[in-house]
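Secondary and tertiary structure notes
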Amino acid sequence: MADSHSHRSDVPLDATAPDIPGTVITVSDRVSTGERTDRSGPLAVELLAGHGIVCGAPLVVCDDVGQIQQAVRDAIAGGARVIVTAGGTGIMPRDVTPEAIEPLLHTQLAGVAEQIRAAGLQNTPMAGLSRGPVGVTGRDATSALVVCSPGSTGGVRDTVGVIGPLVPHILHQLDFGDH
């Protein structure tokens, strides 16, 4: 499989290519301190691979706006076209992933976020509590799709199940402006 940093961001990506560079960022104070094992990040990497999105090991950051934003910026600079965060989308005081991600998005894809919540609601009423935004960082070949998933393994399954089939079309539109 291709190295997730091998794609030059100034060259349009063929969205039908088998390897789309991606990054998974686990957002969790407890995982970042070693208090808890990260189950969601590795699951996201595995599930994304089933859709041709190649990621390295998940990055782990604490629930901090600055750290989350820096991890996303670094992923984009490294060539990631799909970035999935796992965690920090709820309503606890330290759940700040939406606040970190929203300023980085050029265009939000509210319909996709609603699809993810709807998929989750088929499994648990708690899915409605997720505030995870979805969007793109621009509207060209240097842009990335950023998706905020709940931190649960079920939330990750629902999120990747919705976005996986959409990624080639989204990236094709960003790369070539074609419908």
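The following paragraphs examine the structure supplied in this document. (Residues numbered from 1 in each chain as written. Predicted model: local features only at pLDDT ≥ 70, side-chain atom pairs only at ≥ 80, totals over all residues. Heavy atoms only, no water.)

Within the secondary structure layout, I163 lies in helix α6 (residues 153–176). Sequence-wise, I163 and A113 are 50 residues apart; in three dimensions their C-alpha atoms are separated by 9.4 Å. Leaving out residues up to four positions away in the same chain, I163 has contacts with L48, V84, V112, I116 and V147. (Helix = DSSP H or I, 4+ residues; strand = E, 2+ residues; numbered from the N terminus. Contact = heavy atoms within 4.5 Å.)

Here we come to helix α3 (residues 65–77). An ideal rise of 1.5 Å per residue puts 18 Å on 13 residues; α3 measures up with 18 Å between its terminal C-alpha atoms. Buried residues along α3 sit against β1 (20–27), β3 (59–61), β4 (82–86), α4 (97–101) and β7 (145–149). At the N-terminal end of α3, a side-chain oxygen is found 3.1 Å from the backbone nitrogen of G66, two or three residues along, and the residue is D64. Looking one or two places after α3, you find G79, whose phi comes out positive at around 100°. (Expected span 1.5 Å × (residues − 1). Polar contact = N/O pair within 3.5 Å; in protein donor to acceptor, adjacent residues only side chain to side chain.)

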